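Here's the letter readout for the chains.
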Amino acid sequence: MGRPPPVLTLCASVSLLGGLTFGYELAVISGALLPLQLDFGLSCLEQELLVGGLLLGALVASLVGGFLIDCYGRKQAILGSNLVLLAGSLSLGLADSLAWLVLGRSVVGFAISLSSMACCIYVSELVGPRQRGVLVSLYEAGITVGILLSYALNYALAGAPWGWRHMFGWATAPAVLQSLSLLFLPADADETAAHKDLIPLQGGEAPKLGLGRPRYSFLDLFRTRDNMRGRTIVGLGLVLFQQLTGQPNVLSYASTIFLSVGFHGGSSAVLASVGLGAVKVAATLIAMGLVDRAGRRALLLAGCALMALSVSGIGLVSFAVPMDSGPSCLAVPNATRQTSLPGDSHLLQGSSLPPMPRTSEDQREPILFAAEKTRPRPRSGAAPPQLALSSALPGPPLPAPGHALLRWTALLCLMVFVSAFSFGFGPVTWLVLSEIYPVEIRGRAFAFCNSFNWAANLLISLSFLDLIGTIGLSWTFLLYGLTAVLGLGFIYVFVPETKGQSLAEIDQQFQKRRKESCEIVLRQSAAKLESNRC
């Protein structure tokens, strides 16, 4: 007989390539949007529709994906999502109208959302407690690598004819490689247990085959049975607090902070894209090394605390240093109002948008946001217009001697914020979600929490500019800091430590917590009755 396949390596490749596809698809629109504007003459509303199509597809997947994962299995769900991704990429690559572009983005959003849920669950069930933290966190590392890869390809293809078609098409490469890796892996943990040569991978965690497993319905997520309600509170709390701390919007504001410290043109582009991306990759790699040593709970507490301090620091600095809130479609003639592109904030799930590639004559202009608007290209074949905002908005103020230190402090706070999210909420939230639910309902529970993640992301994204207009930029960041403090308290009270435990042990821990809480209530009731008698 031949040697058994390198299962750990294959599991790592499935997790890494899944994350790489996710990150690439999220970030690629930032480089494709400007050439699409020029080729199709997109208005602000049409750009919002195009960028937000991915979010719409992801929301649909989060609503129905859990049932697909539980009914057809984790492996089949990943393979199916890769086929859907191929169809969406084909639609984008061949699109000749806005309708086909939006359809393709929506299909791709459905695929990457379904794949992200199935990948985390699949890897967490297939490996033992000693490898689970690293391998599931590898998905988040793949996301950061995918983002940086999209930046590089966007830059390389910026000047190529129909370069945006190639940008969308390259996303199929990691999906194909992931599908090939899956062919050598078992369908699920049951099949793993059936193959004795794979049981050591589980570290004694292989499930018992046969009948006797409990059955759960979707409504059980909200009932006290086996403390399912407590698990749902943990899952929803983590996904909501990671969004309500404002991390997408804070990072969308990154380029303005770069401008305020005096980085213009190409320097700002390098710092905004490669710099923050490299910081995110480094922090994620650190989290991978610590998640099975320090533990999930410790990383969440440390990350949330640093996020609270850093985002509050940005808010306090902005009291003393005026920083423009960024461009608006109101500055562009004959354009509709922009209320913050949905994609501008959810696009990187924790990374700032890269500035658009420029031609040589545009390099002198300040870099603003990735979603900078341009006037539609004249149909008569005239030369492409210059960026509309170049003359409508003044450049950033020159750094005053008293403000230079504060601006650099804001930049440092931004770097800390990126790092804190990347070794806290970023990888650990999805790892915890893949661990805390029983296998029979894990897919539906994961998808239910993920739907709140996307919905909260949309809410935070669309409310950002309105919130700034109502309470001001400084108070908006301070509000995010207060939310992070509340999140810190939530993690301390509700989130248990699961490092080094098998999935069965984690399940028993939640059931035990339910029994202990019931015993406390009974003792308190008995004490109250006794005191009333006296």
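Everything quoted here is computed from the prediction, not taken from an experiment.

## Here's the deal with the overall build of the protein
Line of reasoning, step 1. Across its full length, the protein holds 21 helices and zero strands.
Line of reasoning, step 2. Across the 534 residues in the protein, those meeting the buried criterion constitute 55%.
Line of reasoning, step 3. Once local pairs closer than 6 in sequence are excluded, the contacts in the protein between residues at least 24 apart make up 83%.
Line of reasoning, step 4. Of the roughly 21800 Å² of accessible surface on the protein, 68% is carried by carbon and sulfur atoms.

## A few points about a nonpolar patch on the surface
Line of reasoning, step 1. Residues Leu 316, Phe 319, Ile 471, Trp 475, Leu 479, Leu 482, Val 485 and Leu 486 make up a contiguous nonpolar surface patch of about 780 Å² in total accessible area.
Line of reasoning, step 2. If you list the elements that add at least two residues to the nonpolar patch, you get helix H14 (296–320) and helix H20 (473–494).
Line of reasoning, step 3. Ranked by residue count, the leading element in the nonpolar patch is H20, at five residues.
Line of reasoning, step 4. As for its placement among the helices and strands, Val 485 is situated in helix H20.

## Some points on the packing of helix H5 (residues 129–157) against helix H18 (residues 425–436)
Line of reasoning, step 1. Running from N to C, H5 and H18 cross one another at 125 degrees; their axes reach a closest spacing of 9 Å. Our classification of the angle between H5 and H18 gives oblique. Note that H5 runs across H18; the crossing there is right-handed. Along its contact with H5, which presents Arg 132, Gly 133, Val 136, Ser 137 and Glu 140, the element H18 presents Gly 426, Pro 427, Leu 431, Ser 434 and Glu 435.
Line of reasoning, step 2. For the contact of H5 with H18, the per-class residue count stands at three nonpolar, four polar and three charged.

## Considering the environment of Ser 312
Line of reasoning, step 1. Turning to its location among the elements, Ser 312 is positioned in helix H14.
Line of reasoning, step 2. Looking at Ser 312, the relative accessible area reads 18%, which means it is buried.
Line of reasoning, step 3. The contacts of Ser 312, once residues within four sequence positions are left out, are Leu 478 and Gly 481.

Criteria and thresholds
- Residues numbered from 1 in each chain as written.
- Predicted model: local features only at pLDDT ≥ 70, side-chain atom pairs only at ≥ 80, totals over all residues.
- Heavy atoms only, no water.
- Helix = DSSP H or I, 4+ residues; strand = E, 2+ residues; numbered from the N terminus.
- Buried < 20%, exposed > 50% of the residue type's maximum accessible area, 1.4 Å probe, protein only.
- Contact = heavy atoms within 4.5 Å.
- Areas by Shrake-Rupley, 256 points an atom, 1.4 Å probe, with all protein chains shown as cover.
- Patch = residues over 30% accessible without salt bridge, like charges linked within 9 Å, V, L, I, M, F, W, Y side chains within 5 Å.
- Salt bridge = Lys/Arg side-chain N within 4 Å of Asp/Glu carboxyl O.
- Axes fitted to C-alpha atoms, helices over the stretch in contact; angles between N-to-C directions.
- Parallel < 35°, antiparallel > 145°, perpendicular 65-115°, else oblique.
- Left-handed = near helix turned anticlockwise from the far one by under 90°.
- Nonpolar A, V, L, I, M, F, W, Y, C, P; charged D, E, K, R; others polar.

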